[in-house]
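Observations on chain architecture
The chain contents come next:
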Amino acid sequence: MNKKIGFTCAYTPVPLIEAAGFSPFRIFPESKAPDQAGHLLHDNLCPHVKKVLDRALADDLPELEGMVFINSCDSMRRLADAWHEAKPDDPIILLDLPSGINSLSLDFLSKEYERLAKTLFKWNNEPFSTEKIKDEIAKWNLLAASVKKIEGIMSRNYFPGIASGLQEIINTAATDSTDKALVMAQNKIEPEKPAKGGQSPVFVFGNLLFDPKVYDLFEEWNMHVTASDFCTTSRFVTQVDTKADDNIFRSMAISYMEQTPCARTMDTTKPGNIAQKIVQRAKESNAKGVIVFTLKFCDPYLARIPMIRQALQKESIPFLMLEGDCTMGSMGQQQTRIEAFTEMLGV
Amino acid sequence: MMYDHFDNAVKGITDKLNQDPEGINARKKYVLELSKLGKKLYSKDENIAWCGVTAPFDLLGSMDVTSCFVEFVGALLSSTQTAGYFFEEAEDSGFATDSCAYHRAVMGAVLKNAMPEPDFIIGTSSPCTAGLAILENFAHQYKKDFFLLNVPQNYTQDAIKYLSSQLEEMVRFVSDHTKRPLSKQKLGIALENFNTSSTLLKEIYDLTKTKPSPVDNNILKDFGTVITLLMGSQEGIDICQAFKDELNHRIKTRRHHDSKEKIRLMWIQNRIQYPFPINEMLEDLGAVIVVDELNDVTWEPMDPDNPFESIAKRMISIPFSMNASERIKHLQDLACAYRIDGAINPCH
């Protein structure tokens, strides 16, 4: 089995990890580890970040050869600092991720991705190889295309179990290997169960929602997830447009920055554009309503919710906001609200 | 409402200063200049830019743009006890109750039309993602153009080049809006003024290191953060000079010995803005806040022949822009230099 590299953010390009001969291991904030992060980070801080740190402090992780952090938001940046404090011997790389999308930021990010690639090859004592990176990107793109196909099927009809199945595929890519995820995806393209009616079509988005069981619960609660936009779902499996630039790292920078972005990334030529994108995704996926799952204390998302709410209201699309830690643990508390919402939407 | 507030402040402080033209009152002069800035922001006949905290105010000033970070207004609303009214407005519109109070207050003020409409907005990724998110909301709400300065946290050649290129882009963006090109002469003067102010700041901070310190708990409150709004101008130099003179005067007249300083404290990040008698409480205990975290000069002098790189280096060098170990190292250096007995870290 390959040695593992830990990471926490969807802007981490998995093909670079695999090209360097490592397996990816995305650290999800799911653990029975005791709450200890408060020793190093403030209590009013992102629960995702704190739970990831709890896992590190409790050694609730497989053996990792190194950690990749992305300066995507203040909390992630501080996680890198806290990790260094908690595990000072771990090799760590922290990438600076620009907030805006323009030529200068793409140039800068491409250099950051190149720095990441070179560091990973060095950590594994492997000679740096652009060819290997391109090969891994090709596989990753096949996976991204399969994920997209499954999402297309999801948006057209309600097939029980397809949403949780898709999540299992994505989690495999995040915590094991692209190869395995690809095999799973190719087997899932044809739904196992026939299409059914009677569920309320809903577009869900937010920070992260990684537990496949959550999607099964949604179905029990009368919801048909037509599409999702989380950093643990399609936003994670980014198709890398290799033709975007001659430089492979710039192609990656363009693809990662221009995909449906996390709330922390903005198109400064269209302030508040995230709201329009959410409306567009909801409409494209034939959803009748939208639910957002945000992490408590997540400034980038919480500050954009009023704009999103306003844009959805303008289109008469019902909207439900749920705040928590985005794990199964908090989901039970949301059941009544979700059921009431889907009942209101009807079928 | 806000224009009247600043106008009254300008009149009131000017009257007081005129009554005692030889008086030693640096803080009054400082508040007067800030009130004049506030008045300009609300006067409707200036080119206005709402900005992030680490924006290059000297560069913007040299382009005849009246600029300010939004948290300045948040602090003002808090200190005048009007923030509650604006919190309600922001929260009713969906802004989370546990989000930053500075930003909720100013967002409420935007929604209540209590903030002057800017000509454009300059966001900065440092010091916080919340500040950037609020400025995007400003741009969305006012339908104004938005320029974003990404401040990298690593002090590398690539990072400096990236930020200095962004500053050049920003100049083009500003010129497109004001229809005025950057005058190299004006920028040169602004940077010279900035350097003169920086030298004075270093002298001020050296004076405050004296034991007992000539400062009281109020005189240099949040000084390092807010003086950046004036640096680059003659007014900034005059204010720094006034503070230096006042501290020298205190030392000369041994007034600082009256403080009965028993405990020397450092204040981490910025002070409490709402009315709360912490300064007096500390004073009763013989505790003096001798240094605020951002009361320091962390940058090299600006090079008028290489302005953008100089400014970029300065922006990255601010402790909030760097990683935690750099910030902690900075705090440790201050702790040693000021011979402090303890530190206060508030959370707003």
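Owing to the predicted nature of the structure, the values given are computational and were not obtained by experimental measurement.

1. Section: the overall build of chain B
Scanning chain B from terminus to terminus reveals 14 helices and seven strands. For 348 residues, the compact-globule formula gives about 20 Å, and the C-alpha radius of gyration of chain B, at 20 Å, lands near that figure. Residue burial in chain B is summarised as follows: out of 348 residues, 59% are buried. Taking as baseline every contact in chain B between residues at least 6 positions apart, the subset at least 24 positions apart corresponds to 74%. Of the roughly 14,900 Å² of accessible surface on chain B, 50% is carried by carbon and sulfur atoms.

2. What about the interface of chain B and chain A?
When the parts of a complex come together, some accessible area is lost, and that lost area is often used as the size of the interface. Each partner contributes to the interface: chain B provides 36 residues, whereas chain A provides 34 residues. With both sides pooled, the region where chain B packs onto chain A buries about 2,900 Å², and carbon together with sulfur makes up 55% of that total. Taken as a group, T129, E136 and Y162 of chain B account for 20% of the area that chain B buries against chain A, more than any other trio of residues on that side. Scanning the region where chain B abuts chain A turns up two salt bridges. A salt bridge links R304 of chain A to E136 of chain B, with the shortest nitrogen-to-oxygen separation between them at 2.7 Å. Put simply, chain B and chain A have 13 residue pairs in polar contact (both at pLDDT 80 or more) between them. Breaking the side of chain B that touches chain A down by element, the ones donating at least two residues are α7 (129-142), β4 (146-149) and α8 (157-178) of chain B. Residue contributions to the side of chain B that touches chain A peak at eight residues, all from α7 of chain B. In terms of residue class, the side of chain B that touches chain A is made up of 17 nonpolar, 14 polar and five charged.

3. Concerning the packing of helix α5 (residues 130-156) of chain A against helix α7 (residues 178-188) of chain A
Residue and element names in this part refer to chain A. Running from amino to carboxyl end, α5 crosses α7 at an angle of 30°, the nearest separation of the two axes being 9 Å. By the criterion of interaxial angle, the relationship of α5 to α7 is roughly parallel. The way α5 lies across α7 gives a crossing that is left-handed. Every residue of α7 that contacts α5 at K139, W140, L142, L143, S146 and I150 is listed here: T178, D179, A181, L182, A185, Q186 and K188. Tallied by class, residues from the contact of α5 with α7 come to seven nonpolar, three polar and three charged.

4. Topic: the nonpolar core
Of all hydrophobic cores here, the largest spans 125 residues; its most connected members are Y113, L143, F218, F236, I291, F293 and I338 of chain A. It is α5 of chain A that contributes the most residues to this core, nine residues altogether. In this structure, I291 of chain A is in contact with V202, F203, V204, F205, M223, L320, L322, I338 and F341 of chain A, ignoring residues within four places of it in sequence. Grouped together as the second largest cluster of nonpolar side chains are 102 residues, L167, Y205, L207 and C240 of chain B included.

5. Some words on the sheet that holds strand β1 (residues 47-51) of chain B
Residues and elements named next belong to chain B. Taken in spatial order, the four strands of this open sheet run β2-β1-β3-β4, and their pairing is parallel. Each edge of the open sheet carries a strand with a single partner, namely β2 (65-69) and β4. For this sheet, the mean inter-axis angle between neighbouring strands, taken without regard to orientation, is 25°. The sheet contact formed by β1 and strand β3 (residues 120-124) spans three bridges and is parallel. When the bridges of β3 are listed, C51 appears paired with I122. Sitting on the sheet, α7 is in contact with β1, β3 and β4, with an inclination near 165° to β3. Those strands touched by α8 are β1, β2, β3 and β4, and its axis lies near 165° from that of β4.

6. Topic: the packing of aromatic side chains
Tallying each qualifying case throughout the model produces 26 aromatic pairs over all chains. Ring centres of W140 of chain A and F236 of chain A lie 5.6 Å apart, and the angle between their planes is 90°; this geometry places the pair in the edge-to-face category. Taken together, the residues span a long stretch of sequence, with W140 of chain A in helix α5 and F236 of chain A in the loop between β6 (223-229) and α9 (248-258) at a distance of 96 residues. Residue classification places W140 of chain A among the buried positions, given a relative accessible area of 0%. On the basis of relative accessibility, which here comes to 1%, the residue F236 of chain A falls in the buried class. The interplanar angle of 50° and the centroid separation of 6.3 Å between the aromatic rings of F230 of chain A and F293 of chain A together place this pair among those described as tilted. Here F293 of chain A lies in strand β7 (residues 289-295) and F230 of chain A lies in the loop between β6 and α9, a separation of 63 residues in the sequence. Here the aromatic cluster, defined as three or more aromatic residues joined through ring pairs, consists of Y215, F218, W221, F230 and F293 of chain A. Between the NZ or CZ atom of R104 of chain B and the centre of the ring of F87 of chain B, over which it lies, the distance is 4.7 Å.

7. Re the domain arrangement of chain B
All names here are of chain B. When its domains are assigned, chain B resolves into domain 1 (46-178) and domain 2 (184-344). Look at where the C-alpha atoms of domain 1 and domain 2 centre, and you get two points 23 Å apart. On the side of domain 2, 29 residues touch domain 1, which itself brings 32 residues to the contact. Between domain 1 and domain 2, roughly 2,600 Å² of surface is buried when both sides are summed, and carbon and sulfur atoms account for 70% of that area. Considering only the surface of domain 1 that becomes buried against domain 2, D58, Q153 and Y155 emerge as the three largest contributors, covering 22% of it. Inspection of the region where domain 1 meets domain 2 yields two salt bridges. The closest approach of N and O atoms between D58 and R314, which form a salt bridge, is 2.8 Å. For the interface between domain 1 and domain 2, the tally reads six residue pairs in polar contact (both at pLDDT 80 or more). Secondary structure elements with two or more residues in the side of domain 1 that touches domain 2: α3 (57-62), β2, α4 (70-79) and α8. The element best represented in the side of domain 1 that touches domain 2 is α8, accounting for seven residues.

8. Points about the state of the cysteines
Residue and element names in this part refer to chain A. Per the counting criterion, the structure on display carries zero disulfides over all chains. Here C73 stays free of any disulfide, with the sulfur of C46 as its closest cysteine sulfur at 6.4 Å. The cysteine C298 is free of any disulfide, with C46 supplying the nearest cysteine sulfur at 6.4 Å.

Rules of the game
Residues numbered from 1 in each chain as written. Chains lettered and ligands numbered in written order. Predicted model: local features only at pLDDT ≥ 70, side-chain atom pairs only at ≥ 80, totals over all residues. Heavy atoms only, no water. Helix = DSSP H or I, 4+ residues; strand = E, 2+ residues; numbered from the N terminus. Rg over C-alpha atoms; globule rule 2.2 N^0.38 Å. Buried < 20%, exposed > 50% of the residue type's maximum accessible area, 1.4 Å probe, protein only. Contact = heavy atoms within 4.5 Å. Areas by Shrake-Rupley, 256 points an atom, 1.4 Å probe, with all protein chains shown as cover. Buried area = accessible area lost by both parts, 1.4 Å probe. Salt bridge = Lys/Arg side-chain N within 4 Å of Asp/Glu carboxyl O. Polar contact = N/O pair within 3.5 Å; in protein donor to acceptor, adjacent residues only side chain to side chain. Nonpolar A, V, L, I, M, F, W, Y, C, P; charged D, E, K, R; others polar. Axes fitted to C-alpha atoms, helices over the stretch in contact; angles between N-to-C directions. Parallel < 35°, antiparallel > 145°, perpendicular 65-115°, else oblique. Left-handed = near helix turned anticlockwise from the far one by under 90°. Core = buried A, V, L, I, M, F, W, Y, C linked by side-chain atoms within 4.5 Å. Pairing = 2+ DSSP bridges. Phe/Tyr/Trp six-rings, centres within 6.5 Å; stacked < 30°, edge-to-face > 60°. Lys NZ or Arg CZ within 6 Å of the ring centre and 35° of its normal. Domains from an automatic or database assignment. Disulfide = S-S within 2.5 Å.

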